[in-house]
Amino acid sequence: MNPPRTYTRGMQRWWLRRPSYQFYLLREGTSVVIALYGVFLLMGMAALAVGPGAFEAWRAVLFSPLSWLLHLVVLAAFTFHAWTWFKVLPLTVPPFKTRRFPRGFSDATLNRMALWAWGVVSLVILVAALRGLQ
Amino acid sequence: MTQTRTIIIECLRFHPETDEAPYYQSYEVPFTAEMSVLEGLQYIKDHLDGTLTFRWSCRMAICGSCGCMVNNEPVLSCQTFLRDYHPSRIRVEPLAHFPILRDLTIDQTDFLAKLESVHPYLIPSADDDPGDQPRNQTPDQIQDYLGYAQCINCLLCYAACPQYGLNEAFTGPAALALLHRYNADSRDAGKAQRMDVINAEEGVWGCTLVGECSEVCPKHVDPARAINQNKIVSTQDYFLRFLKPRGRR
Ligand code: SF4
Ligand code: FES
């Protein structure tokens, strides 16, 4: 017997089909911003290796008004990315069972722990960086 | 509340022998407050158009055969109610991402092959045969897999997963959740046999955590969690392979 003829619909503009798909693309899209920022920091390191002139030029770009504006955008993208990342984090960790929590921690607890850790680490880095600037 | 109102149900129609492509057909259906979308479709079949084709069996959200898209949302039509859409019209389509066989029925061949590929049954170890004695489990051991054992193979999760729509090779949510269900069972010793499915590009790594499978699942199976926990398992397996003696896994 031949398999019956079927009709397959395509995936044209699939992201428009559910709002959550757009949210997902936004979430993934912000990782591009993060990658680009990584490249920018790498360029700074490369400039440092090239010489003081190159590094000063990179610093001039870094402190330009446009850069300040872009940094606000990047900060927003980073925050959104980290926020959503920690939101799905509990899905990725196998239940971590302890005597007091025989079924492991709840998603909300894991999420909160991760957010706190993120906050503390960010603060430490910020303080260290501010001291470095002085 | 036996008051009868009327709702327009728009169905995707496709007959493989006569239609080049699917089209929509609208029906005016009288309904009462307790009528499900499935009952609306049955009204059409019984009174308006006997050629409309769709699947159902239990009418109580347990057989998993009545899944379809209602206004672009994958649902069990037997537990979705017409009253929640009235006075707007509703659009009923076959589950997204699957080939249409006819009207609202889809071809599940691909899923069935994937289901088979995950060895969805207990594989006891040879030296741990209890004979005809029961194999006891603690309540805690049962909790490890019970949630994942609730799957009714309704395929709503596949219809919600854009990764499956974009790449049919992806093993997909329900099959991977069932894989995890058996791996998480204390009576099972078949992990090694399922490892290739987990590790494959089309296995857990085909998932990018869109997360919609868990949102639409009528049985709260949470396939997204099952899949993403196995990304860690797969990573461990990858690195442990370098440490373990050759030829053994
Ligand atoms: S995991 Fe949920 S949505 Fe997917 S087939 Fe099973 S019951 Fe249906
Ligand atoms: S008819 Fe069985 S799940 Fe809907």
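Residues numbered from 1 in each chain as written. Chains lettered and ligands numbered in written order. Predicted model: local features only at pLDDT ≥ 70, side-chain atom pairs only at ≥ 80, totals over all residues. Heavy atoms only, no water.

(A) The pattern of salt bridges, seen in detail. What the rule picks out here adds up to 16 salt bridges over all chains. Where B:Glu73 meets A:Arg18, a salt bridge forms, and the shortest distance between an N and an O atom there is 3.1 Å. You can see B:Glu73 sitting in strand β4 (residues 73–76) and its partner A:Arg18 sitting in the segment before α1 (19–50), one on each of two chains. Taking relative accessible area as the criterion, B:Glu73 reaches 34% and is therefore assigned partly exposed. Put simply, B:Lys114 and B:Asp110 hold a salt bridge, and the shortest N to O gap is 2.8 Å. Of this pair, B:Lys114 and B:Asp110 both sit in helix α2 (residues 109–117), four residues apart, which is roughly one turn of that helix. On the basis of relative accessibility, which here comes to 9%, the residue B:Lys114 falls in the buried class. One salt-bridge network, in which partners are shared between bridges, spans A:Arg18, B:Glu73 and B:Glu212. (Salt bridge = Lys/Arg side-chain N within 4 Å of Asp/Glu carboxyl O. Helix = DSSP H or I, 4+ residues; strand = E, 2+ residues; numbered from the N terminus. Buried < 20%, exposed > 50% of the residue type's maximum accessible area, 1.4 Å probe, protein only.)

(B) Expanded view of the environment of A:Arg27. Along the chain, the position of A:Arg27 falls in helix α1. Setting aside residues up to four positions removed in sequence, A:Arg27 forms contacts with A:Phe80, A:His81, A:Thr84, A:Val88, B:Thr208, B:Leu209 and B:Val210. Here B:Thr208 takes part through its backbone oxygen, which lies 3.0 Å from a polar atom of the side chain of A:Arg27. (Contact = heavy atoms within 4.5 Å. Polar contact = N/O pair within 3.5 Å; in protein donor to acceptor, adjacent residues only side chain to side chain.)

(C) Representation of the sheet that holds strand β2 (residues 23–31) of chain B in the model. All names here are of chain B. Taking strand neighbours across the sheet as the criterion, the five strands line up as β2-β1-β5-β3-β4 in an open arrangement whose pairing is mixed. The outermost strands of the open sheet, each flanked by one partner alone, are β2 and β4. Taken over all neighbouring pairs, the strand axes of this sheet differ in orientation by 35° on average, direction set aside. Pairing between strand β1 (residues 5–13) and β2: nine bridges, direction antiparallel. When the bridges of β2 are listed, glutamate 10 appears paired with serine 26. Strands β1, β2, β3 (67–70) and β5 (90–93) of the sheet are contacted by helix α1 (residues 37–48), whose axis makes an angle of about 100° with β2. (Pairing = 2+ DSSP bridges. Axes fitted to C-alpha atoms, helices over the stretch in contact; angles between N-to-C directions.)

(D) Representation of the environment of B:Glu212. Mapping B:Glu212 onto the fold places it in helix α8 (residues 212–216). Measuring from C-alpha to C-alpha, the distance between B:Glu212 and B:Ala224 comes to 8.0 Å, with twelve residues separating the pair along the chain. In contact with B:Glu212, other than residues within four places in its own chain, are A:Arg18, A:Ser20, A:Tyr21 and B:Ala160.

(E) Just the pairing of β1(B), in detail. As paired elements, β1(B) and β5(B) share three bridges and run parallel to each other. By the bridge assignment, B:Cys11 is partnered in β5(B) with B:Val92.

(F) Region of interest: the site of ligand 1. Near ligand 1 you find B:Cys151, B:Ile152, B:Asn153, B:Cys154, B:Leu155, B:Leu156, B:Cys157, B:Ala174, B:Cys217, B:Pro218, B:Val221 and B:Pro223, and these make up its full shell. When grouped by side-chain class, the residues that make up the shell around ligand 1 number eleven nonpolar, one polar and no charged. (Near = heavy atom within 4 Å. Nonpolar A, V, L, I, M, F, W, Y, C, P; charged D, E, K, R; others polar.)

(G) Region of interest: the domain arrangement of chain A. Taken domain by domain, chain A comprises domain 1 (18–78) and domain 2 (93–134). Using only C-alpha atoms to locate each centre, domain 1 of chain A and domain 2 of chain A end up separated by 25 Å. (Domains from an automatic or database assignment.)

(H) Up close: the interface of chain A and chain B. Contacts between the two partners involve 26 residues from chain A, matched on the other side by 42 residues from chain B. With both sides pooled, the region where chain A packs onto chain B buries about 2,600 Å², and carbon together with sulfur makes up 51% of that total. Considering only the side of chain A, the residues that lose the most area to chain B are A:Arg5, A:Tyr7 and A:Arg9, jointly responsible for 26% of the buried surface there. There are three salt bridges connecting chain A and chain B. With a shortest N-O distance of 2.5 Å, A:Asp107 and B:Arg225 are connected by a salt bridge. Our count for the chain A to chain B interface comes out at 15 residue pairs in polar contact (both at pLDDT 80 or more). For the side of chain A that touches chain B, the element with the highest residue contribution is α1(A), accounting for five residues. Taken together, the residues of the side of chain A that touches chain B break down into 13 nonpolar, four polar and nine charged. (Buried area = accessible area lost by both parts, 1.4 Å probe.)

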